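Architecture and fold: a report
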Amino acid sequence: MLFKRKEKYTLDMNRIPAHIAFIMDGNGRWAKKRKMPRTYGHHEGTKTIRNLALEANNLGVKAMTVYAFSTENFKREQSEVEYIFKLPKEFFSLYFQELMDNNVRIMTIGHLELAPQETQDIINDAINKTKDNTGLKLVFAFIYGGRDEIVEATKAICEEYKEGKIDLDNITEDYFESHLMTKELPPVDLMIRSSGECRLSNFLLWQLSYAEFIFDDAYWPDFNAEKLHECIWKYQNRDRRYGGVKK
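Cut-offs applied
- Residues numbered from 1 in each chain as written.
- Predicted model: local features only at pLDDT ≥ 70, side-chain atom pairs only at ≥ 80, totals over all residues.
- Heavy atoms only, no water.
- UniProt positions renumbered as here; feature names shortened; annotations may be inferred.
- Helix = DSSP H or I, 4+ residues; strand = E, 2+ residues; numbered from the N terminus.
- Buried < 20%, exposed > 50% of the residue type's maximum accessible area, 1.4 Å probe, protein only.
- Polar contact = N/O pair within 3.5 Å; in protein donor to acceptor, adjacent residues only side chain to side chain.
- Contact = heavy atoms within 4.5 Å.
- Patch = residues over 30% accessible without salt bridge, like charges linked within 9 Å, V, L, I, M, F, W, Y side chains within 5 Å.
- Areas by Shrake-Rupley, 256 points an atom, 1.4 Å probe, with all protein chains shown as cover.
- Salt bridge = Lys/Arg side-chain N within 4 Å of Asp/Glu carboxyl O.
- Core = buried A, V, L, I, M, F, W, Y, C linked by side-chain atoms within 4.5 Å.
- Pairing = 2+ DSSP bridges.
- Axes fitted to C-alpha atoms, helices over the stretch in contact; angles between N-to-C directions.

The UniProt record marks Asp25 and Glu212 with the feature "binding site: Mg(2+)" (unreviewed entry), using the residue numbering of this structure. You can see Asp25 is positioned in the loop between β3 (19–23) and α1 (27–33). Look at Asp25 and you get buried, because its relative accessible area is 15%. Among the polar contacts made by the side chain of Asp25, one reaches the side chain of Arg29 at a distance of 3.2 Å. Take Glu212: it is sitting in strand β8 (residues 212–215). The exposure class assigned to Glu212 is buried, which follows from its relative accessible area of 16%. Excluding anything up to four places from it in sequence, Glu212 contacts Asp189, Leu190, Met191, Tyr235, Arg238 and Arg240.

Tracing the sequence through the fold places Ala21 in strand β3. Residues Ala21 and Leu190, 169 residues apart in the sequence, show an inter-C-alpha distance of 6.3 Å. Residues contacting Ala21, with those up to four places away along its chain left out, are Thr65, Val188, Leu190, Met191, Ile192, Phe203 and Leu204.

Along the chain, Trp233 turns up in helix α7 (residues 225–236). Trp233 sits in the partly exposed class, given a relative accessible area of 31%. Not counting chain neighbours up to four residues away, the residues in contact with Trp233 comprise Tyr9, Thr10 and Leu11.

With that settled, consider the UniProt feature "active site" (unreviewed entry) in the protein. Residues annotated by UniProt as "active site" (unreviewed entry) correspond here to Asp25 and Asn73. With the annotated positions falling across 49 residues, the maximum pairwise C-alpha distance of 12.3 Å places them together in a single cluster. With sequence-adjacent residues up to four places away left out, Asp25 is seen in contact with Arg193, Ser194, Ser195, Glu197, Tyr219 and Trp220. By secondary structure assignment, the location of Asn73 is in the loop between β4 (63–70) and α3 (78–101).

Together, Tyr161, Leu168 and Ile171 line one region of the surface with nonpolar side chains, adding up to about 290 Å² of accessible area. Here Leu168 shows up in the loop between α5 (146–162) and α6 (173–177).

Across soluble globular proteins, nonpolar side chains have a tendency to be buried as a group. Formed by 45 residues in total, the largest nonpolar core has its most connected members in Phe22, Met64, Phe92, Leu99, Leu138, Ile192 and Leu228. Residue assignment for this core shows that the elements contributing at least two residues are β3, α2 (38–59), β4, α3, α4 (117–130), β6 (137–144), β7 (190–193) and α7. The dominant element in this core, judged by the number of residues it contributes, is α3, at eight residues. Excluding anything up to four places from it in sequence, Ile192 contacts Ile20, Ala21, Phe22, Ile23, Ile214, Phe223, Leu228 and Cys231. Among the nonpolar cores identified, the runner-up in size contains 16 residues, and Tyr67, Ile109, Tyr144 and Val188 belong to it.

What the six strands build is an open sheet, ordered β5-β6-β4-β3-β7-β8; its pairing is parallel. Sheet topology places β5 (105–110) and β8 at the edges, where each strand pairs with a single neighbour. Pairs of neighbouring strands in the sheet enclose a mean axial angle of 20°, with direction left out of account. Against the sheet, α3 touches β4, β5 and β6, its axis set at about 170° to β6. Where α7 meets the sheet, its contacts fall on β3, β7 and β8, and the angle it forms with β7 comes to roughly 135°.

Trans peptide bonds make up the majority, and among non-glycine residues the majority have a negative phi. For Asn103, which is not a glycine, the phi torsion comes out positive at approximately 70°. When you line up the elements, Asn103 lands in the loop between α3 and β5. Note on Asn103: relative accessible area 27%, which makes it partly exposed.

Here you go:
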């Protein structure tokens, strides 16, 4: 089945990416361009999360992971870090019921336990209330780092080996993946980074091994549903060979 949006991008609805990951970049620069504080950009960026989550859910995307706060973001000004920790309260107070009504499930990866208690409580409440929803899995990578995730998985497997629960031959790629924070999610098919920056910034380093990458010039608050369709259209027009040769 084909889906046409504003006569620009015709999507094959049978080849919608199962899992789309977003590096939400450019909030601060978007705000600065408008002579506003960086925090205003983060505020506007939450609207983009809501809009894209509803659109992705409508398209049949199974999972959408957004890079909300990295382990390195603690290096930012304290006032900005504190504001970002307050955003979940704002986001869910505005959009929770709408997400619930659309069967969206909230999940997190990372170290939520390092966030302020109020932030933990708000996010965990959303997770618990949506745990039985069967639509899009909206995953917030919060206090997350790709290297840290791999190290943590390695430690867990080493403990199992040390306790005699597994042999070395048991440690396969699939076994390793079962210890990652994303074990409940489908493989990432498409990674999109806004603002024109072309790097991964320690995001889903294992999971992006065979994903398609798109680096879009739009700042995150300007990234809309039409941009999402454009990126999916580009994804569908690429030849994914996974190291093989197309016959």
